[in-house]
Amino acid sequence: MKTIWLVTLSATALLAQGPTASRPNDHVHWSLTLDLGAVAPGHETVGKLTAQIDSGWHLYSLSTPPGPIPTTIKFADNAAIGKVRIFQPAPDRKFDANFNADTETFTGAPIFLLQFTVNANASSSSEITALARYQVCSDTVCIPPVTRAASATLKIDATAAPSLPSIPSGYTEFTGTSTISGPRPAAADSSLGGFLLLAFGFGLASIFTPCVFPMIPITMSFFLNQKNVTRRDTIIQALIFCLGIIVLFTALGLLATSLLGPFGVVQLGSNPWVNGLIAVIFLIFGLSLLGAFEITIPSSILTKLDSASQKGGYLGTLVMGLTFSLASFACVGPFVGTLLAASVQGGGSRPLLGMAGFSTGLALPFFLLALFPAYLKKLPRSGGWLARVKVVMGFVILAAMLKYVSSIDQVLQWGFLTRERFLAAWIVLFAMAGLYLLGLLRMEGVSKDDNVTLGRLLVGIAFLIFSISLVPGIFGAGLGELDSYVPVAKGSASLGGGSSEKLVWLENDFNGALARARAEKKLVLVNFTGYACTNCHWMKANMFTQPDIASAMKGMILVDLYTDGTDAASQANQKLEEGKFGTIAIPYYVLYDPGASNDAARVLASFPGLTRKPAEYLAFLNTSVSAATTVSVTNASPFGPFATLGGAPFDATPLRNKVVVLNFWATWCVPCRQEIPAFNKMQAQLGPRGLMVLGVSLDEDGAPAVTPFLKSNPIEYTLALGAPKVAELNTQFKIDQLPVTLIYDRSGKLLQRFEGFTKADAIQSVVDRAL
């Protein structure tokens with residue numbers, strides 16, 4: 001059956017050919033003329049190469065940036081021709097969203113000037129030929145690059161009068177590089193603006209990470225402890241707090257990057273010394289709020305700074321900004337590292353501007369939070385409740401301290417502060433806060449004769465309920481969102497749905513995972529993770545325990561690659577993630593086909609960061625599995641000379657009994673790019689019903705052209721390469737323009753052929769009938 005289906009498909013490919021074997025009009029007609037009737041040896045002349053472009057089509061210039069294929073012009077070998085200089089008229093330059101770059105095009109009849117010297121030893125007239133290789137496109141199709149020739153007779157006469165060639169104004173010499181150098185007038189600004197907006201958005205998003213939220217009560221408690229402050233002082237302190245975050249965060253991020261590289265920023269957040277410093281600061285603040293001692297600035301410092309208005313308070317505010325910057329790195333490190341890596345690639349002042357934008361977004365919400373406590377202290381009801389807030393904040397800060405102690409324990413792998421001990425400490429601390437508010441624990445702010453108000457009662461009950469709700473976590477139950485904060489229990493990722501079966505993870509053994517996957521004929525799911533990564537913990541506790549997702553992962557070899565440790569394995573994992581995927585973010589998930597050897601292992605798909613949508617992650621797993629089975633490797637494939645991205649022959653066996661949408665495309669083809677989102681959607685919606693979209697790239701450069709393209713233009717269906725046999729495919733399928741889409745039914749019979757850009761509903765109507 002397999003052979004019959006493949007033979008049928010190959011046969012219908014012949015029916016997919018156009019009505020004639022001749023190449024169609026390529027829509028550009030070239031002609032060459034010479035300025036002078038005759039030229040003396042050793043002198044110069046100018047050839048005019050005219051490109052007559054059909055209406056509705058455009059030709060790319062010699063200097064258009066990569067994306068579309070630039071036109072190239074040269075003379076065929078001729079002994080009479082010496083040095084050549086090529087000039088082009090001013091092209092139409094505009095931003096093309098399909099390439100995310102400026103492009104340069106010609107329409108009408110542009111004339112290219114070829115100024116050349118006749119060799120001194122040339123003695124007789126000869127025919128000279130200009131060769132133009134170019135790409136031409138309309139709004140719906142692109143013609144693959146072709147080479148066309150135009151000839152003229154060069155008359156050589158030693159008695160010819162010398163003449164100095166003149167190049168008209170408006171022409172520029174093409175020197176082999178793009179004329180688009182430096183910033184684009186509008187597009188560059190918008191690009192920088194978009195980058196700064198992204199950086200600012202990263203800062204705002206970081207507010208909602210688990211490590212930043214615990215800083216909110218610290219900020220409030222710090223400002224609540226300020227005495228005798230005026231409105232002016234409050235505003236200045238808030239501004240200094242905000243500016244302190246911006247200045248210190250920017251300086252710290254740039255310093256870490258210069259010393260450690262982008263990955264060092266992420267590692268700083270899990271550094272035991274940094275976490276130890278934060279834990280000590282939290283401990284001091286917590287004990288101070290509980291009444292153990294009062295934090296004051298040394299009198300010697302106050303005396304020296306007395307000449308400046310309230311400089312002691314401002315210094316304390318700056319210290320708070322530094323504490324916040326250090327404390328937040330454990331969660332925002334991936335944001336900062338990714339942002340810095342992107343900004344360094346952009347060059348110039350982008351690292352500084354990007355970090356300033358990021359820290360501004362991070363500090364802006366704290367400007368209001370910094371203002372609010374100062375105004376609280378001026379309220380008439382500023383009696384005993386402030387003392388109670390202070391004590392409760394002390395318990396909360398001590399609980400937050402344990403998060404950083406836990407990070408130290410996990411990174412150094414001591415195993416002392418286990419999940420059970422961590423939760424036991426939290427249960428006690430939050431219960432103590434509840435009992436204190438209910439008047440059962442005598443401390444500052446609570447006297448024997450105080451009546452428990454309704455507000456105190458409700459808040460105290462809430463603390464006790466929260467404390468009791470942590471108890472099941474000691475015995476292995478999941479805690480939902482709280483699992484981001486607490487240590488991960490070994491083997492905690494079960495199959496979900498109450499199943500006692502556990503997902504088995506290898507640790508820091510990538511090569512071992514590949515070997516095991518080959519032996520068991522499975523895929524490998526790599527989890528770039530961190531010991532102190534809260535988002536990583538959340539994914540394992542809440543996403544991987546979803547029944548559908550756990551079921552899909554059960555059929556894979558799972559391996560954790562930790563990147564934030566101090567050991568050699570973490571260093572190696574860092575280099576692997578950054579070198580292979582160009583990112584330093586964790587968590588980061590990658591699905592591998594193990595291949596025939598470790599060197600032959602192929603990346604099928606990747607998924608960056610945390611998601612709270614199970615369907616989104618499940619689609620990643622399912623799409624990856626589909627890609628693995630579709631692009632399997634065999635030594636012989638009768639379905640065209642296709643190849644995988646890795647260069648192996650493409651196996652058409654998985655196409656059997658499928659409705660196949662075969663799309664021929666190229667990275668330089670604008671209409672092809674425009675069709676990709678529709679094919680992604682079609683595969684996602686109709687794949688479960690038996691559709692398989694197969695995109696075959698006809699880029700002559702093959703994988704080196706396609707791989708970078710995929711980073712910014714994700715293709716979520718099966719992909720194959722036509723290179724190095726593009727010419728053979730063009731003949732087999734009669735392809736003389738792109739895109740071309742062929743639709744086959746389950747038996748391999750060709751149903752319809754579409755040439756040029758085709759609306760998705762036209763293709764889907766044929767697919768629906770076939771399904």
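Anyway, here's the lowdown on the structure attached to this text. (Residues numbered from 1 in each chain as written. Predicted model: local features only at pLDDT ≥ 70, side-chain atom pairs only at ≥ 80, totals over all residues. Heavy atoms only, no water.)

**Quick notes on the overall build of the chain**
Then, number 1: Across its full length, the chain carries 22 helices and 21 strands.
Then, number 2: Looking at the 771 residues of the chain, the share that counts as buried comes to 51%.
Then, number 3: A separation of at least 24 residues holds for 75% of the contacts in the chain among residues at least 6 apart in sequence.
Then, number 4: Summed over all atoms, the accessible surface of the chain reaches about 34,300 Å², with 60% contributed by carbon and sulfur. (Helix = DSSP H or I, 4+ residues; strand = E, 2+ residues; numbered from the N terminus. Buried < 20%, exposed > 50% of the residue type's maximum accessible area, 1.4 Å probe, protein only. Contact = heavy atoms within 4.5 Å. Areas by Shrake-Rupley, 256 points an atom, 1.4 Å probe, with all protein chains shown as cover.)

**What to know about the pattern of salt bridges**
Then, number 1: This structure, assessed with the given rule, holds 7 salt bridges.
Then, number 2: Note that Arg85 and Glu173 form a salt bridge whose closest N and O atoms lie 2.8 Å from each other. Of this pair, Arg85 sits in strand E5 (residues 81–89) while Glu173 sits in strand E11 (residues 171–174), and the two are 88 residues apart along the sequence. (Salt bridge = Lys/Arg side-chain N within 4 Å of Asp/Glu carboxyl O.)

**Focus: a nonpolar patch on the surface**
Then, number 1: On the surface, Val452, Leu454, Leu457, Leu458, Ile461 and Ile465 cluster together into a nonpolar patch covering about 530 Å² of accessible area.
Then, number 2: In this fold, Leu454 is placed in helix H12 (residues 454–469).
Then, number 3: Here Leu454 falls in the exposed class, since its relative accessible area comes to 60%. (Patch = residues over 30% accessible without salt bridge, like charges linked within 9 Å, V, L, I, M, F, W, Y side chains within 5 Å.)

**Regarding the sheet that holds E11**
Then, number 1: Strand order in the open sheet made by the 5 strands is E1-E2-E8-E5-E11, with antiparallel pairing throughout. What marks the edges here is a single partner per strand, and that holds for strand E1 (28–34) and E11. Across the sheet, the mean angle from the axis of one strand to that of its neighbour is 30 degrees, orientation sign disregarded. (Pairing = 2+ DSSP bridges. Axes fitted to C-alpha atoms, helices over the stretch in contact; angles between N-to-C directions.)

**What about the packing of helix H19 (residues 670–686) against helix H22 (residues 760–770)?**
Then, number 1: Direction vectors running N to C along H19 and H22 enclose 30 degrees, while the axes themselves pass 11 Å from each other. With respect to each other, H19 and H22 are oriented roughly parallel. Like other packed secondary-structure pairs, H19 and H22 cross with a definite hand, here right-handed. Packed against H19, whose contacting residues are Ala678, Phe679, Met682, Gln685 and Leu686, the element H22 presents Ala760, Ile763, Gln764, Val767 and Asp768 at the interface. (Parallel < 35°, antiparallel > 145°, perpendicular 65-115°, else oblique. Left-handed = near helix turned anticlockwise from the far one by under 90°.)

**A short note on the packing of helix H11 (residues 419–437) against H12**
Then, number 1: Axis separation between H11 and H12 bottoms out at 8 Å; the angle between their running directions is 160 degrees. Classified by the angle their axes make, H11 and H12 are roughly antiparallel. Along this stretch, H11 crosses H12, giving a crossing that reads as left-handed. Mapping the contact onto sequence places Ile427, Phe430, Ala431, Ala433, Gly434, Leu435, Tyr436 and Leu437 in H11 and Arg456, Val459, Gly460, Phe463, Leu464, Phe466 and Ser467 in H12.
Then, number 2: Within the contact of H11 with H12, the residues separate by chemical class into 11 nonpolar, 3 polar and 1 charged. (Nonpolar A, V, L, I, M, F, W, Y, C, P; charged D, E, K, R; others polar.)

**Some details on the state of the cysteines**
Then, number 1: Enumeration over the complete set of coordinates arrives at 2 disulfides.
Then, number 2: A sulfur-sulfur distance of 2.1 Å marks the disulfide that ties Cys137 to Cys142. The chirality of the disulfide connecting Cys137 with Cys142 is right-handed, given an S-S dihedral of about 110 degrees. Each member of the pair, Cys137 together with Cys142, is buried.
Then, number 3: A sulfur-sulfur separation of 2.3 Å characterises the disulfide bridge that pairs Cys669 with Cys672. Measuring the twist about the S-S bond at about 75 degrees, one finds the Cys669-Cys672 disulfide to be right-handed. (Disulfide = S-S within 2.5 Å.)

**A look at H11**
Then, number 1: In this model, H11 (19 residues) spans 27 Å end to end at C-alpha, consistent with the 27 Å of a helix rising 1.5 Å per residue.
Then, number 2: Buried within H11 are the following residues: Arg419, Phe422, Leu423, Trp426, Ile427, Leu429, Phe430, Ala431, Ala433, Gly434, Tyr436 and Leu437.
Then, number 3: Looking one or two residues past H11, Gly439 carries a phi angle of roughly 85 degrees, positive in sign. (Expected span 1.5 Å × (residues − 1).)

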